[in-house]
Amino acid sequence: MIDQRVVTPEYLFFEAPREKRFMTGSEAVREAIKRANVDMAISYPITPQSESMHLVGDLYAEGYLREYFRGENEFAVMSAVAGASMGGVRVFTATGGPGTLRAFEAFPTWAGARLPIVCAFMTRGVNSPLSIQPDTIEMAFMLNTGIMMFHAETAQDLYDMILKAFVIAEKTDVHIPVGVFTDGFFVTHTRDTVEIAAEDIKLPPYNPYCAPVPVMDMENVPVRQMRDPFVMKSNFISYATHASWQQEIMAAAERARNYVVKYLGGLVEVENEDADILIVASGTAVSQSREAIGMARREGLDAGLIKIKCLRPFPGEEIRKLTRNATAVIVPEFNRVGWLCQEIKSVMEDTGKVIGGPRVFGGMTMPPDLILAEIRRCSR
Amino acid sequence: MSVTEYRVLAGPEGYLPPAAASMGVALPEEGEALVEGKIVPEKEAMRKIAEKLLTAKNPVFFPGPLLLWAWKEGVAEKAKAVKDLAEAAGAKIIPMPDYRPKYPMINPAIEINPNHPNLTIWHNKIDACVFIGVHCHYANVALKIIRGGTDCYTIALCGEMGHEDAMISLRDVDLPKIKKVTEMVKEMKKEGLK
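So, how was this worked out
Residues numbered from 1 in each chain as written. Chains lettered and ligands numbered in written order. Predicted model: local features only at pLDDT ≥ 70, side-chain atom pairs only at ≥ 80, totals over all residues. Helix = DSSP H or I, 4+ residues; strand = E, 2+ residues; numbered from the N terminus. Rg over C-alpha atoms; globule rule 2.2 N^0.38 Å. Buried ≥ 20, exposed ≤ 12 C-beta atoms within 10 Å, placed from the backbone. Contact = placed C-beta atoms within 7 Å. Expected span 1.5 Å × (residues − 1). Domains from an automatic or database assignment. Nonpolar A, V, L, I, M, F, W, Y, C, P; charged D, E, K, R; others polar.

A.B. asks: I would appreciate a short explanation of the overall build of chain A in the present structure.
C.D. replies: A tally of helices and strands in chain A yields 13 helices and 16 strands. By the compact-globule yardstick of 21 Å for 380 residues, chain A fits well, its C-alpha radius of gyration being 21 Å. Taken over the C-alpha atoms alone, chain A extends approximately 70 × 55 × 45 Å along its principal axes. Across the 380 residues that make up chain A, the buried fraction comes to 53%. Long-range contacts, defined here as pairs at least 24 residues apart, represent 82% of the contacts in chain A between residues at least 6 apart.

Encoded structure:
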């Protein structure tokens, strides 16, 4: 293990010299965790996530983490992660596809308990029928769990978003979990150039005593108290408390907007925003869209791109403003349900100009020609 | 969020009032404070707090566990300063020692709990209250319930970043800030405000 010194998040993210390395998305996860001053990580294997948590286990063996183990299954892992976070440590895990669904109950529980857990989701199909191949359908299920959701397009995004997720999640006024999603295989198992900071620097440690809830440190008052549930009574007071509690979780995500702007540079990134035809996408659908836009330009067609980096909180105001003057809004997705298209329609004034597709799923790739065909059709 | 005119005012606001943060109310930056959903200079909010405490019929402080237990250096001094402030303002103190829902029922005359704060406010006819030393999550849960069901004016003296759901909220409240509010209360009393 290399001796590391603590630096400010701002230095690590924006000022520290970076070195270019050619690595897979899974290796980018390892590099992020190496610099994240993580106390504990818990793993359970599932393709295409297994390699990333294996590499995090290697970090434990090298001395970068204080604790690491393999749980019994995804539900056990996500529950153990919750316990670790309630105890006041910085914790990381990762899963994907059926693993996400197997652990599903844990995610709203994390949010409800105000736990600043960071979890990477390497998305894949969810067994209808069995598939291990790329698909973002699990993100549809995750949208209303209360956790924040970032969607990485590249290994670079994955590295940066994981590191920044810890800092945003642990803000006192936010303090809810962050899921960093990336498209399995397309990012995790391909190599790309990633610019990373030196490995002898790391984030400051997590301070659980700034949490908006008591840390469950049984040795110290005033925190020798459980977060007792109020579900045991059937009365108006219990219901009103639960409602107010849920509102507070949503409020926490609202407060995170400023931090997403500060650290990720915004909830969206825009290229050629004045174009008549706009493509709105997240994850690797952004890369395919960029290719398609390049092809369209060579044909003399004009199209712009809105890359959504943060899905929760959702950039509703940004989308509404950016799409106001467009004649067509194309939403390519790697899933059959079109959850991003539904999200976009929910915030736009004129939903008639939204084209829900192209969509591919079950592991299919998305040739840029499919998106180009939509651009051509909308240009007529 | 859309630009909104949502104001954080004394209730009863209704069956289930929204979280102010979801209505576009943002937390203040350092040196600023919130008054009824609007960001103002900190000193202006301090004066407003002093005024509200002195003009209320039954102001009450609700100190939470972060203030009631000497869990780190400086807390005992802060607690004493809060007691001085309450005394200067002629306010009572009802502690919030922990956050467990009280069953079968709370004794509203002597305690308050974030899960049913309205019971204590109704029972004691409290028209202005001050949250201090309450973990932010529980303070926000309680402040919304109070705004929904009572006409109590809520003030949050927060050691962290403040509370959108209080009618007045200071942030980064430390010993000097508590003493400053106490001085303002004493000055206003001298000037005849009651």
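Now, onward.
A.B. asks: What am I meant to see in the environment of A:Leu163 here?
C.D. replies: All names here are of chain A. Here leucine 163 shows up in helix H8 (residues 155–169). Judged by the 26 C-beta atoms lying within 10 Å of it, leucine 163 is buried. Here the alpha-carbon distance between leucine 163 and arginine 35, two residues 128 residues apart in the chain, equals 7.6 Å. Ignoring sequence-local partners within four residues, the contact set of leucine 163 consists of Leu12, Phe13, Ala32, Arg35, Ala36 and Leu203.

A.B. asks: Even after reading the chapter, I still don't get helix H10 (residues 284–298) of chain A, so can you show me in this structure?
C.D. replies: Helical geometry: 3.6 residues make up each α-helical turn, so side chains three or four residues apart lie on a common side. Residue and element names in this part refer to chain A. If you check H10, its first and last C-alpha atoms are 22 Å apart, about what 15 residues at 1.5 Å a residue would give, namely 21 Å. Every buried residue of H10 is accounted for by Thr284, Ala285, Val286, Gln288, Ser289, Ala292, Ile293 and Ala296. Residues of H10 that are buried make contact with strand E8 (178–183), strand E12 (277–281), strand E13 (303–308) and helix H13 (368–379). Glycine 300, located one to two residues past H10, shows a positive phi value of around 85°.

A.B. asks: Can you walk me through H8(A) in this structure?
C.D. replies: The terminal C-alpha atoms of H8(A), which comprises 15 residues, lie 21 Å apart, in line with the 21 Å expected from a rise of 1.5 Å per residue. The buried fraction of H8(A) is high, at 14 of 15 residues.

A.B. asks: Would you mind showing me how to read the domain arrangement of chain A here?
C.D. replies: Many descriptions give the size of an interface as the accessible area lost when the pieces come together. Residues and elements named next belong to chain A. Domain parsing of chain A yields domain 1 (5–209) and domain 2 (268–379). Measuring from the centre of the C-alpha atoms in domain 1 to the corresponding centre in domain 2 gives 27 Å. Each partner contributes residues to the interface: domain 1 has 21 residues there, and domain 2 has 20 residues. In terms of residue count, strand E7 (residues 148–152) provides more of the side of domain 1 that touches domain 2 than any other element does, four residues in total. Within the side of domain 1 that touches domain 2, the residues separate by chemical class into 12 nonpolar, six polar and three charged.

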